Amino acid sequence: MENKLYLLNITVCGIKNIKEEVCLNFYKKTIDKTFNPEKYRVKAIYGENGSGKSAIITAVKIFQDLIFHDNYLGESKTQIFLDEIINKVQHTFCFSCEFLFDDAKTVYNYSIHIGKARNGLYEIQSEILQAKSSNYAGSHYQTIFEIKNGEMVDIHCAEEEKTALERKSLNLLTNHSFIHLYIINLDEHTLFEADNPSKELLFHLISFMIFLLQITIYLGEEDQHELYFLQKRLKGNGLGQQTLIDELLEQGNYQDLFASISEKHVKKEFFEKYKEKVNRLTQFIQIFKNDLVSIDIDTKENGEYYVCELNLNYGDYIINKEFESTGIKKLIRLFDCFVSASNGGIVFVDEMDSNLNDVYLCKLIEYFMYYGKGQLCFTTHNLDPMSILKKNRNSIDFLSSDNHLVSWTARGNATPENCYKNGMIEDSPFNIEASDFVGILGE
């Protein structure tokens, strides 16, 4: 196992049409000294239109935003978004996950719930982080911290530090994750008055942040800048713990977050890294379009940034990437996700098959199964990848419209694609006929 992080499962409920808990398991239930994720690196989520596949990916994005954003719940656009996307019956969004850190030596369990307050705005109702040594029988979780209704219920540190943290986080914990407050304010000392802040607490919280930094999410939107600013905070924390932080960053196979291919504004100090990425992107796109000569960077100076435009050079003509085919544009946007999943990151992609040729899609998935070092989870309607994914374990999940999740297991000579399209997967019957459209689409 080359990477030190592995996502074991996520559980989601209270978003869009997902009323009951939906749990995605990426590995088997028990973990022992022979832990080996090589056959558990790729997962595809199938389901009917509107079954909640995209909601699962969106839930991961909300989870990430709740911790990364400085004022996520305080922004009116966030409240409007949550009011639209959180389930209209439950009015509560819940997300939890378990992950391994550092060669299965530590297992973390995290959970966060948000719901409406009396003023009609969404706030954090509870947040808890727990840890245990491995996942062996008999090992039990120890609470690192627990927040309920804006109050600190428990925290793993000395009484002096607990008192300081309670005082400094007063009235902040309903709108901010405790992890965010603790990590983001490290360099400002606004949460510290204790003489010797707990190194163990710091270790656990930064370990969690490293895990979160490993997650990349594609929802068809432009990349955000929170990851860049977070690393800047970690690199200049001012607490004399930089050696510890550097070690954790190294253990997490920390991804290069400074020069996203989709980013137009690139800091001058990172421009060389950006050029290296564009060169790799050129090699990547040339696999699909062998007449591509190069991808040229058109730059304009804007203070400490370069404003960059990518132009695809085909020798006889040059075209801006925005005017390329939808398939090539999709591959360009997904490039950072693929790099991350290849190098140890945890990647979620919604509708990975849209605008991609079936052959290309299957070969990319096959690459991540055999050569990838990270994890790739994606939603799709394309059945062709099933023939590849069935060779691995826990790689095909079917989500029904009533939130029931079924994982594919071998059934003699039956194939997952035939079982699925013939309505033989539990709670996923495709019981429609061509004649059902008669009189609706035309006489």
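Being a predicted model, the structure only gives us computed values, none of them experimental.

**Side note on the overall build of the chain**
Regarding its fold elements, the chain presents twelve helices and 17 strands. Relative to its full complement of 443 residues, the chain shows a buried share of 54%. Of all intrachain contacts in the chain linking residues separated by at least 6 positions in sequence, the fraction that spans at least 24 positions is 62%. Put simply, the chain shows about 20,600 Å² of open surface, and 46% of that area lies on carbon and sulfur atoms.

**Brief notes about the sheet that holds strand 15 (residues 375-379)**
Overall, mixed pairing links the six strands, which are arranged 9-14-15-3-16-17 in an open sheet. Single-partner strands in this sheet number two, and they are strand 9 (215-218) and strand 17 (405-407). On average, each strand axis in the sheet is inclined to that of its neighbour by 15 degrees, with strand direction left out of account. Pairing geometry for strand 3 (residues 42-47) and strand 15, over four bridges, is parallel. If you follow valine 42 over to strand 15, its bridge partner there is leucine 376.

**Regarding the sheet that holds strand 7 (residues 142-148)**
Strand order in this open sheet of seven strands is 2-1-4-5-6-7-8, and the pairing throughout is antiparallel. The sheet is open, and its two edges are formed by strand 2 (22-25) and strand 8 (151-155), each paired on a single side. Across this sheet, the average inter-strand angle for adjacent strands is 10 degrees, counted without regard to direction. Bridge count for strand 1 (residues 5-13) against strand 2 is four bridges, and the pairing is antiparallel. Directly across from asparagine 9, in strand 2, lies its bridge partner asparagine 25. Sheet strands touched by helix 1 (residues 53-68): strand 1, strand 2, strand 4 (92-101) and strand 5 (106-116). Its angle to strand 4, the strand with the most contacts, is close to 80 degrees.

**Observations regarding the pairing of strand 11 (residues 294-302)**
Judged from the nine bridges that link them, strand 11 and strand 12 (residues 305-313) form a sheet pairing that is antiparallel. Note on strand 12: the bridge partner recorded for glutamate 301 is tyrosine 306.

**A word on the packing of aromatic side chains**
To describe a pair of aromatic rings, you give the distance between the ring centres and the angle between the ring planes. All chains considered together, the criterion is met by 28 aromatic pairs. The positively charged end of lysine 43 is found above the aromatic ring belonging to phenylalanine 26, 5.6 Å away from the centroid. In this arrangement the basic side chain of lysine 132 is found over the ring face of tyrosine 141, its NZ or CZ atom lying 4.4 Å from the centre.

**A look at the environment of threonine 409**
With respect to the helices and strands, threonine 409 occurs in the loop between strand 17 and helix 12 (416-421). In this structure threonine 409 comes out as partly exposed when scored by relative accessible area, which is 47%. Distance in space between the C-alpha atoms of threonine 409 and serine 395 is 9.6 Å, their sequence separation being 14 residues.

**Quick look at the state of the cysteines**
Summed over the entire model, instances satisfying the criterion amount to zero disulfides. As a non-bridged cysteine, cysteine 94 has cysteine 13 as the owner of its nearest cysteine sulfur, 3.8 Å distant. Take cysteine 94: its relative accessible area is 13%, and that puts it in the buried class.

**Digging into a positive patch on the surface**
A surface patch of positive charge is lined by Lys28, Lys39, Lys390, Lys391 and Arg393. If you trace the backbone, lysine 390 turns up in the loop between helix 11 (386-389) and strand 16 (396-399). Exposure remark for lysine 390: the relative accessible area of 38% places this residue in the partly exposed category.

**Quick look at the confidence of the model for the chain**
Scored by pLDDT, the chain comes out at a mean of 85, with 86% of its residues at no less than 70. Note that pLDDT drops below 50 for residues 222-229; the model gives that stretch 16 contacts with residues more than four away or on any other chain.

**Notes on the environment of histidine 265**
With respect to the helices and strands, histidine 265 occurs in strand 10 (residues 265-267). With 37 residues separating them along the chain, histidine 265 and asparagine 302 place their C-alpha atoms 8.6 Å apart.

**Here's the deal with the environment of valine 278**
Within the secondary structure, valine 278 is located in helix 8 (residues 271-288). With 54 residues separating them in the primary sequence, valine 278 and isoleucine 332 have C-alpha atoms 9.9 Å apart. Discounting chain neighbours no more than four positions away, the residues touching valine 278 are Ile261, Ile295, Ile297 and Leu310.

**Here's the deal with the packing of helix 8 against helix 9 (residues 326-342)**
Remark: helix 8 packs on helix 9, axes separated minimally by 10 Å, with the N-to-C direction vectors making an angle of 125 degrees. On the basis of the axis angle, helix 8 is oblique to helix 9. Note on packing geometry: the crossing formed by helix 8 with helix 9 is right-handed. Contacts from Lys277, Arg280, Leu281, Phe284, Ile285 and Phe288 in helix 8 reach Ile328, Leu331, Ile332, Phe335, Asp336, Phe338 and Val339 in helix 9. Considering only residue class, the contact of helix 8 with helix 9 consists of ten nonpolar, no polar and three charged.

**What about the pattern of salt bridges?**
The full count for this structure, using the stated rule, is 14 salt bridges. Lysine 267 is the partner of glutamate 304 in a salt bridge, and the nearest nitrogen-oxygen pair spans 3.7 Å. Taken together, the residues glutamate 304 in the loop between strand 11 and strand 12 and lysine 267 in strand 10 connect sequence positions 37 residues apart. Among the residues examined, glutamate 304 registers a relative accessible area of 48% and is labelled partly exposed. Taking relative accessible area as the criterion, lysine 267 reaches 14% and is therefore assigned buried. Among the ionic pairs, lysine 363 bridges to glutamate 366, the shortest N-O distance being 3.7 Å. Placement of both lysine 363 and glutamate 366 in helix 10 (residues 358-370) is noted, with a separation of three residues, approximately one turn of the helix. According to the relative accessible area criterion, lysine 363 is exposed, its value standing at 54%. Shared partners join several salt bridges into a network, and the residues in it are Lys267, Glu269 and Glu304.

The rules behind these values
Residues numbered from 1 in each chain as written. Predicted model: local features only at pLDDT ≥ 70, side-chain atom pairs only at ≥ 80, totals over all residues. Heavy atoms only, no water. Helix = DSSP H or I, 4+ residues; strand = E, 2+ residues; numbered from the N terminus. Buried < 20%, exposed > 50% of the residue type's maximum accessible area, 1.4 Å probe, protein only. Contact = heavy atoms within 4.5 Å. Areas by Shrake-Rupley, 256 points an atom, 1.4 Å probe, with all protein chains shown as cover. Pairing = 2+ DSSP bridges. Axes fitted to C-alpha atoms, helices over the stretch in contact; angles between N-to-C directions. Phe/Tyr/Trp six-rings, centres within 6.5 Å; stacked < 30°, edge-to-face > 60°. Lys NZ or Arg CZ within 6 Å of the ring centre and 35° of its normal. Disulfide = S-S within 2.5 Å. Patch = residues over 30% accessible without salt bridge, like charges linked within 9 Å, V, L, I, M, F, W, Y side chains within 5 Å. Salt bridge = Lys/Arg side-chain N within 4 Å of Asp/Glu carboxyl O. Lys, Arg positive; Asp, Glu negative; His and termini not counted. Charge placed at Lys NZ, Arg CZ, Asp CG, Glu CD. pLDDT = per-residue confidence, 0-100. Parallel < 35°, antiparallel > 145°, perpendicular 65-115°, else oblique. Left-handed = near helix turned anticlockwise from the far one by under 90°. Nonpolar A, V, L, I, M, F, W, Y, C, P; charged D, E, K, R; others polar.

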